[in-house]
Amino acid sequence: MAMQFELVSPERRLASREVRAVRIPGADGDLTAMEGHSPVITSLRPGILTIESDGGEESFAVTGGFAEIGPEGTTVLAERALSTTDVDQATFDDWVADAHRQRQEAPEDGVDAAVKLVEDMVAMGGHIGLDARQPNL
Amino acid sequence: MPNLKDLKNRIESVKSTRKITKAMQMVAAAKLRRAQDAAESARPYAERFDAVLSSLAAAVGDSDSAPRLLAGTGSDKTHLLVVMTAERGLCGGFNGNIAKRARQDADRLMGEGKTVKILTVGKKGRETLRRTHGDHFVAHVDLTDVKRVGYGDASGIAADVLKRFDAGEFDVATIYFSRFESVISQVPTAQQIIPFQVPEGADAGALYDYEPSEEGILADLLPRGVATAIFAALLENGASEQGARMSAMDNATRNAGDMIDDLTVEYNRSRQAVITNELIEIISGAEAL
């Protein structure tokens, strides 16, 4: 029961291997993809993506993008992705600041989405054990 | 006849020029490798992204609810040309070719009565276009301080372009860059990014479920598509620039070598002439005694 999994960011390919299951932070909630999953394309929210393979679990922090899930394989195209062990406070601060900036620049009808983006980002930091330093607004 | 001292100085100066061009060529070769690697590693994302976006766009394309980034504004009156060039010169025809391509298109569009706006990325293209099309400039992106072009730079440019599109400043956007074919061949290319063009033969492939919804995802993907296209173009440009600089500097180094050879022959000839002259003077002086 293995399927092909690929995680790519615009700058490089982070992972390409056989996995048992992938937990994906979908826009409408987490979902787990395994072999034989019906074809789905979902957008991502900032969160932790976990892959389970014979070698154990591995997690990545992703900040949006989308995933293409099919019966034979799953491809995640993340806007930004890093192994959770590589995310340090400075990187995370950057991401949070970026989310805050997007919220400030968000058009009238996009404010809700932008606020959710910030919250997801902060929640993701909580999972990795990083504190979001909230800028003074 | 130039005197010996002058010739010697020229030879020295050409020699030091050759040292510089040789060094620049080697630096460009090293940077080219890195630029090619960067372009290579960005390819999987761009390919998957295009495939998904194309099939989505083909599926949604004809409906009335299609986003404006896909369907367009319904007019093609105002064109935005995003001209991407290098920040530095000494790379052969690289900057000039891109600027020329953009200038031709700008003139053609103006001939058709369209309005043209130009956004420049990179100093060199701006300098070249300023003389003829300076009054069409709307903005400039400076990448002088950027050592390695990242996705962040591309999405910054994309955000600016999209903001202008939302404000109704233009109807059609085209990017100009140089596609890297090989070290000796870089092709100036124009690519329309807004509205998104569904490639020929893209089928709807509608066997996917979409979460949240087809339209929702498409609305999310299209702006990213602009950033992805710009990022890909920046990387191609980066490789092309180094390739062009490498071959330009290779030529320069070779020319300097030829010049040194010629000058050395001339120098030796002059020196021999001086010696012969002195001998004749001595001999004729001795004969006169």
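Bear in mind the structure is a predicted one, so any value in this text is a computation, not a measurement. (Residues numbered from 1 in each chain as written. Chains lettered and ligands numbered in written order. Predicted model: local features only at pLDDT ≥ 70, side-chain atom pairs only at ≥ 80, totals over all residues.)

Brief notes about the interface of chain A and chain B
This is how it is decided: Two residues qualify as a contact pair if the distance between their C-beta atoms, derived from the backbone, is within 7 Å. Helix and strand assignments come from DSSP, with helices taken as H or I runs of at least 4 residues and strands as E runs of at least 2, each series counted from the N terminus. Each residue receives one of three labels: charged for Asp, Glu, Lys and Arg, nonpolar for Ala, Val, Leu, Ile, Met, Phe, Trp, Tyr, Cys and Pro, and polar for the others, Gly being one of them. Two strands qualify as a pair provided DSSP detects at least 2 bridges between them.
Counting residues at the interface gives 19 residues for chain A and 20 residues for chain B. When contributions to the side of chain A that touches chain B are tallied by element, the ones reaching two or more residues are β5 (40-53), β6 (56-69) and β7 (73-78) of chain A. Ranked by the residues each element gives to the side of chain A that touches chain B, the list is headed by β5(A), at four residues. Considering only residue class, the side of chain A that touches chain B consists of eight nonpolar, six polar and five charged. Bridging between β5(A) and strand β6 (residues 209-211) of chain B involves three bridges; their strand directions are parallel. Residue pairing across strands places Thr42(A) opposite Glu211(B), the latter belonging to β6(B).

Description of the packing of helix α1 (residues 89-105) of chain A against helix α2 (residues 111-128) of chain A
Residue and element names in this part refer to chain A. Counted only if it meets this: Here the axes come from fitting lines to C-alpha atoms, over the contacting stretch only for helices, and the angles between their N-to-C directions go from 0 to 180 degrees. Roughly parallel covers angles under 35 degrees, roughly antiparallel covers those over 145, roughly perpendicular covers 65 to 115, and oblique covers all other angles. In a left-handed crossing the near helix is turned counterclockwise from the far helix by less than a right angle, and in a right-handed crossing that turn is clockwise.
Between α1 and α2, the shortest axis-to-axis distance is 8 Å and the interhelical angle comes to 165°. With respect to α2, the axis of α1 lies roughly antiparallel. As α1 runs across α2, the sense of the crossing is left-handed. Here α1 contributes Phe92, Trp95, Val96, Ala99, His100, Gln102 and Arg103 to the contact with α2, which in turn contributes Ala114, Val115, Leu117, Val118, Met121, Val122 and Gly125. When its residues are assigned to classes, the contact of α1 with α2 shows 10 nonpolar, three polar and one charged.

Digging into the pairing of strand β2 (residues 115-121) of chain B
As a general feature of sheets, a regular strand has side chains that alternate between the two faces. Residues and elements named next belong to chain B. As a reminder, the rule being used: Here is how to tell: hold the view so the strands point away, follow the path from the first strand over the helix to the second, and if it runs clockwise the crossover is right-handed.
Sheet topology note: the strand β1 (residues 78-84)/β2 ladder contains seven bridges and is parallel. Within β2, the position partnered with Met84 by the bridge is Val121. Considered for its hand, the β-α-β crossover made up of β1, helix α3 (residues 94-111) and β2 is right-handed. As paired strands, β2 and strand β3 (residues 137-141) are joined by four bridges and run parallel to one another. Paired with Thr120 across the strands is His140, a residue of β3.

A few points about the sheet that holds β1(B)
Sheet strands associate in pairs through backbone hydrogen bonding, adopting either a parallel or an antiparallel arrangement. All names here are of chain B. Here we have five strands laid out as an open sheet, ordered β3-β2-β1-β4-β5, and mixed in their pairing. Every interior strand has two partners, whereas the edge strands, β3 and β5 (185-194), have only one. Each neighbouring strand pair of the sheet contributes to a mean axis angle of 25°, computed without reference to strand direction. Summarising the sheet, β1 and strand β4 (residues 172-182) pair through five bridges and their orientation is parallel. In the sheet register, Val82 faces β4, and the bridge partner there is Ile175. Sheet strands in contact with helix α6 (residues 214-288) are β1, β4 and β5, and its direction is about 40° off that of β4.

Looking at the domain arrangement of chain A
All names here are of chain A. Convention followed: Domains are outlined according to an automatic or database domain assignment.
Entries for chain A in the domain assignment read domain 1 (3-84) and domain 2 (87-128). Taking only C-alpha atoms into account, the centre of domain 1 sits 20 Å from that of domain 2. Taken residue by residue, the interface counts eight residues in domain 1 and nine residues in domain 2. Ranked by residue count, the leading element in the side of domain 1 that touches domain 2 is β5, at four residues. When the residues that make up the side of domain 1 that touches domain 2 are grouped by side-chain class, the tally is four nonpolar, three polar and one charged.

Remarks on helix α4 (residues 123-133) of chain B
Rules: Around each residue's C-beta, the other C-beta atoms within 10 Å are counted; 20 or more make the residue buried, 12 or fewer make it exposed, and counts in between make it partly exposed. All C-beta atoms are placed from the backbone.
Those residues of α4(B) not exposed but buried are Lys124(B), Gly125(B), Arg126(B), Thr128(B), Leu129(B) and His133(B). Structurally, α4(B) contributes buried residues whose contacts are with β1, α3, β2 and β3 of chain B.

Description of the nonpolar core
Heads up, the condition is: What makes a nonpolar core is a set of buried Ala, Val, Leu, Ile, Met, Phe, Trp, Tyr and Cys residues, with links drawn between C-beta atoms within 7 Å.
Core analysis: the largest hydrophobic core is formed by 99 residues, its most contacted members being Val82(B), Val83(B) and Ile230(B). When residues of this core are assigned to domains, at least three map to each of domain 1 (3-84) and domain 2 (87-128) of chain A.

So, the environment of Gln191(B)
Residue and element names in this part refer to chain B. The topology assignment puts Gln191 in strand β5. By the C-beta count within 10 Å, which is 16 here, Gln191 ends up partly exposed. Sequence spacing of Gln191 and Val265 is 74 residues, and the spatial spacing of their C-alpha atoms is 52 Å. For Gln191, the residues in contact, after removing those within four places along its chain, are Thr174, Ile175, Ala229 and Ala233.

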